[in-house]
Amino acid sequence: MDKVNRLPRFLIIFAGLAFSLCVRAYTERDLLQGLADETALKELLIMEQKWVPYPAYDNRAAWDSLLGPNKRLLIREGEKLLHYKWQLIPATAYLEYERSGNRTVMEAPYGANSRALNTLMLAELAEGEGRFIDQLLNGVYMSCEMNSWVLSAHLPNQSTKRSLPDFREQFIDLASGGYGALLCWIHYFFRSSFDKIDPVVTIQLREAVEERILAPYMNNDGMWWMAFRWKPGQIINNWNPWCNSDVLQCFLLMENDKERLSKAVYRTMRSVDRFLNFVKADGACEEGPSYWQHAAGKLCDYLQILFDATGGRLTLFNEPMVRRMGEYISRSYVGGGWVVNFADASAREIPLRTACGER
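This report concerns the structure included in the present document. Not measured: the values here are computed from a predicted model.

Some thoughts on the overall build of the protein chain
Secondary structure summary: the protein chain contains 14 helices and 2 strands in total. A globule of 359 residues ought to have a C-alpha radius of gyration of about 21 Å, and the protein chain, at 23 Å, matches this closely. Dimensions along the principal axes, computed over C-alpha positions, put the protein chain at roughly 85 × 50 × 50 Å. For the protein chain, contacts bridging at least 24 residues in sequence account for 74% of all contacts bridging at least 6. Accessible surface, the protein chain as shown: approximately 17900 Å² in total, 54% of it carbon and sulfur.

Details of the side chain of Thr268
Structurally, Thr268 is set in helix α11 (residues 258–278). For Thr268, the side chain forms a polar contact with the side chain of Tyr302, separated by 2.8 Å. Ignoring any residue separated from it by four or fewer positions in sequence, one finds Thr268 in contact with Tyr217, Asn244, Val247, Leu248 and Tyr302.

So, unusual backbone geometry
Its identity is not glycine, yet Asp30 carries a phi of approximately 45°, on the positive side. Looking at where Asp30 falls in the secondary structure, it is placed in the loop between α1 (2–24) and α2 (38–44). Positive phi is not limited to glycine here, since Ala227 has a value of about 65°. Within the secondary structure, Ala227 sits in the loop between α9 (200–219) and α10 (239–254).

A few points about the pattern of salt bridges
Two side chains of opposite charge can pair, provided their charged atoms sit close to one another. According to the stated counting rule, one finds 17 salt bridges in the structure shown. Here Arg103 ties to Glu107 by a salt bridge, and the two come within 2.5 Å at their closest N and O atoms. By relative accessible area, which is 33% here, Arg103 ends up partly exposed. Among the salt bridges present, the one from Arg260 reaches Glu255, with a minimum N-O distance of 2.8 Å.

Comments concerning the packing of helix α7 (residues 133–145) against α9
A pair of packed helices is captured by two measures, namely the crossing angle of their axes and the spacing between those axes. As a packed pair, α7 and α9 sit with axes 9 Å apart at the nearest point and diverge in direction by 40°. Overall, the two elements α7 and α9 adopt an arrangement that is oblique. In the packing of α7 onto α9, the handedness of the crossing is left-handed. Seen from α7, the contacting residues are Leu137, Val140, Tyr141, Ser143, Cys144 and Glu145; seen from α9, they are Val201, Gln204, Leu205, Ala208 and Arg212. Class assignment of the residues belonging to the contact of α7 with α9 gives a composition of 7 nonpolar, 2 polar and 2 charged.

Quick look at the packing of aromatic side chains
Summed over all chains, the structure comprises 17 aromatic pairs. Between Tyr217 and Phe251 the ring centres are 6.2 Å apart and the planes differ by 65°, which places this aromatic pair in the edge-to-face class. Of this pair, Tyr217 sits in helix α9 while Phe251 sits in helix α10, placing them 34 residues apart in sequence. For Tyr217, a relative accessible area of 0% corresponds to the buried category. Under the relative-accessibility criterion, Phe251 is labelled buried at 0%. Cluster of aromatic residues (ring-pair linked, three or more members): Trp51, Tyr54, Tyr57, Trp63, Trp185, Tyr188, Phe189 and Phe190. Sitting over the ring of Trp149, Arg212 keeps its end group 4.8 Å from the ring centre.

Regarding a nonpolar patch on the surface
On the surface, Val334, Trp338 and Val340 cluster together to form a nonpolar patch covering roughly 310 Å² of accessible area. Secondary-structure assignment places Val334 in strand β1 (residues 333–335).

Observations concerning the environment of His83
Relative to the helices and strands, His83 resides in the loop between α4 (70–79) and α5 (91–100). By relative accessible area, His83 is classed as exposed at 71%. For the pair His83 and Gln135, spaced 52 residues apart in the sequence, the C-alpha separation amounts to 7.9 Å.

Observations regarding the environment of Asp30
Assessed through its relative accessible area of 26%, Asp30 is described here as partly exposed. Along the backbone, Asp30 and Asp257 are 227 residues apart, and their C-alpha atoms lie at a distance of 26 Å. Beyond its immediate stretch of four places on either side in the chain, Asp30 contacts Asp273 and Asn277. Here Asn277 takes part through its side chain, which lies 2.9 Å from a polar atom of the side chain of Asp30.

The rules we used
- Residues numbered from 1 in each chain as written.
- Predicted model: local features only at pLDDT ≥ 70, side-chain atom pairs only at ≥ 80, totals over all residues.
- Heavy atoms only, no water.
- Helix = DSSP H or I, 4+ residues; strand = E, 2+ residues; numbered from the N terminus.
- Rg over C-alpha atoms; globule rule 2.2 N^0.38 Å.
- Contact = heavy atoms within 4.5 Å.
- Areas by Shrake-Rupley, 256 points an atom, 1.4 Å probe, with all protein chains shown as cover.
- Polar contact = N/O pair within 3.5 Å; in protein donor to acceptor, adjacent residues only side chain to side chain.
- Salt bridge = Lys/Arg side-chain N within 4 Å of Asp/Glu carboxyl O.
- Buried < 20%, exposed > 50% of the residue type's maximum accessible area, 1.4 Å probe, protein only.
- Axes fitted to C-alpha atoms, helices over the stretch in contact; angles between N-to-C directions.
- Parallel < 35°, antiparallel > 145°, perpendicular 65-115°, else oblique.
- Left-handed = near helix turned anticlockwise from the far one by under 90°.
- Nonpolar A, V, L, I, M, F, W, Y, C, P; charged D, E, K, R; others polar.
- Phe/Tyr/Trp six-rings, centres within 6.5 Å; stacked < 30°, edge-to-face > 60°.
- Lys NZ or Arg CZ within 6 Å of the ring centre and 35° of its normal.
- Patch = residues over 30% accessible without salt bridge, like charges linked within 9 Å, V, L, I, M, F, W, Y side chains within 5 Å.

Structure, rendered in structure tokens:
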């Protein structure tokens, strides 16, 4: 009888201990907010895209020097897309995810269009003769006509719970942030070229980025990856630095009002701090080695962009914990393409052989 009575107590104690450990796992370091508050940040930010570390589009000598022998390769890849047919994603492609669980039918044309935009942008930057501008214009125009840049597999996060985009509601996922950032870079480099053809395209592009990225980020605390409503027991994963690094690029490239820009950048700092608070002191990736490039790797992207945008005055690159996060991938490697695995990652990481110095 005593043993039976003791069992529930043991379970209660165990559950309490587990909850306690879970709560302790979140440590309020707030490293980024410790660097500057919103008022100080306003004076640190470099405005009007003067922080961009790349040459202007028309600085041909600088691009030739930067690209070196890669110039011809980039141009050749762009030439393959001079007659690329931009792919329409029909409603049924989105609906297929909820009908059968198939996400590829939507993601394949989406990814092809995104890769084409990126390749054409690099080709035009490499050559600088305007040969790829019309195709870039086609891609941007098509992109602005889409109802959403979010993947079908993530659209059930919208209020309708459906996989077809609802134009009345916009939120940000892993894909839409990156797609938006790519369009912002195209706008930065080629807006003058587009305006010579018809300025309506750049106007529409700016409005699309505002609607799909900037406004939702500022007005919606409910996007789970931002972690503003995080509760003990919930995970804060690679979505946080990944999406925040893309959003940060969008704001820095498109927003020139100092008041709004400082509010937006500080909001990203608050959000990323929640990710840093969640990561354990050893810097290990919460989801296993396979996710490192989109957890610690994307954090590095975010910190580099913030470093550039403030002229190096805001940096965590000298923070020991950030260093441990970067080193985690090498410490997880045991040789022969194998890593110490956990969560839903893969134990076989062949690309890491080169990254960790093994040939």
